[in-house]
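# Results of the structural survey
Each chain, letter by letter, is given below.
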Amino acid sequence: MDRKVRDERVNHSPHAGQSPYRFPVRDLVRRPGARRENRDAFPLPEALGTDLIAVPEGATVQLDVSCEVVTDGIWVSGSFQGEAIGECGRCLDEVRRMVDVTFQGLFLYPDAPLGEDEDSDDVFVFDGETIDVEEVVRDAVVTSMPFTPLCAPDCQGLCDQCGARLADNPGHAHEVLDPRWAALQSVQDQSVKDRNERSDEKES
Ligand SMILES: [Zn+2]
Ligand SMILES: [Zn+2]
């Protein structure tokens, strides 16, 4: 790594020069019962969330990670907080919501016997030196996001004729039908009628 890149990342203390999701644990391994807590706030290196709503890159987030040495590896648990920004699925207004999730996972030593837990989502294998919690945190954050973000649970969305936001326009309605729409409608009706008549002729 060249000097310039290293300097830019120097703020990620105590992870200078490294991803803020990575924790050196070389001094902890093989010492069952040993534990360590890390609390860290940092600018998010890459957006976390879904296409519709995510904690944006650069947002300040809080990551607390606790590492506890167990027989076959390190049990990791922790929490993540940050603010997600997205778009209301009905009216397209900006949606902001606090993300506050917990996560956990078992990081097995490379030589640990793989048991029945091997296939579990919460079990990972690591190199015995550094724990990387990015995947665990990402999964927890993505799972906590709403499938359709809404600015309010009862958001009424937009008028399907003019796009006005209905919550800002109580009683909004279009009572007068634009004559151009009426003309289009009658053309459409006529073509449907023509089609029906043609298919009737075919059948008879
Ligand atoms: Zn909305
Ligand atoms: Zn309208």
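Residues numbered from 1 in each chain as written. Chains lettered and ligands numbered in written order. Predicted model: local features only at pLDDT ≥ 70, side-chain atom pairs only at ≥ 80, totals over all residues.

### Here we look at the overall build of the protein
The condition is simple: Think of it this way: any DSSP run of H or I at least four residues long counts as a helix, any run of E at least two long counts as a strand, and we number them from the N terminus. Each residue is classed by its C-beta neighbour count within 10 Å, where at least 20 other C-beta atoms makes it buried, 12 or fewer makes it exposed, and intermediate counts make it partly exposed; the C-beta atoms are placed from backbone geometry.
Assigned secondary structure in the protein consists of three helices and nine strands. Traced from its N-terminal end to its C-terminal end, the protein shows the element sequence α-β-β-β-β-β-β-β-β-β-α-α. In the protein, which comprises 204 residues, the proportion classed as buried is 18%.

### Topic: unusual backbone geometry
Across residues other than glycine, the phi torsion is negative in most instances, and most of the peptide bonds are trans. Even without glycine at this site, R30 takes up a positive phi of about 65°. For R30, the location among the structural elements is in the loop between β1 (22-24) and β2 (35-43). Of the residues examined, R30 has 9 C-beta atoms within 10 Å and is grouped as exposed. Here the phi dihedral of L92 falls at roughly 70°; this positive angle occurs in a residue that is not glycine. Within the secondary structure, L92 is located in the loop between β6 (73-87) and β7 (94-108).

### Let's talk about the environment of Y21
Rules: Once C-beta atoms are placed from the backbone, any two residues with those atoms within 7 Å are in contact.
Assignment of secondary structure puts Y21 in the loop between α1 (3-8) and β1. Separated by 113 residues in the primary sequence, Y21 and E134 place their C-alpha atoms 5.3 Å from one another. Ignoring anything within four residues of it in the chain, the contact list for Y21 reads D132, V133, E134 and V137.

### What about the nonpolar core?
This is how it is decided: Defined on buried residues, the nonpolar core groups Ala, Val, Leu, Ile, Met, Phe, Trp, Tyr and Cys residues joined through C-beta atoms within 7 Å.
Ranked by internal contacts, the top residues of the largest apolar core, which has 29 residues, are F80, I131 and V137. For this core, the secondary-structure elements that each account for two or more residues are β4 (53-55), β5 (60-69), β6, β7 and α2 (134-144). At five residues, β7 tops the list of elements feeding residues into this core. Every residue in contact with V137, bar those within four places of it in the chain, is listed here: Y21, F80 and F103.

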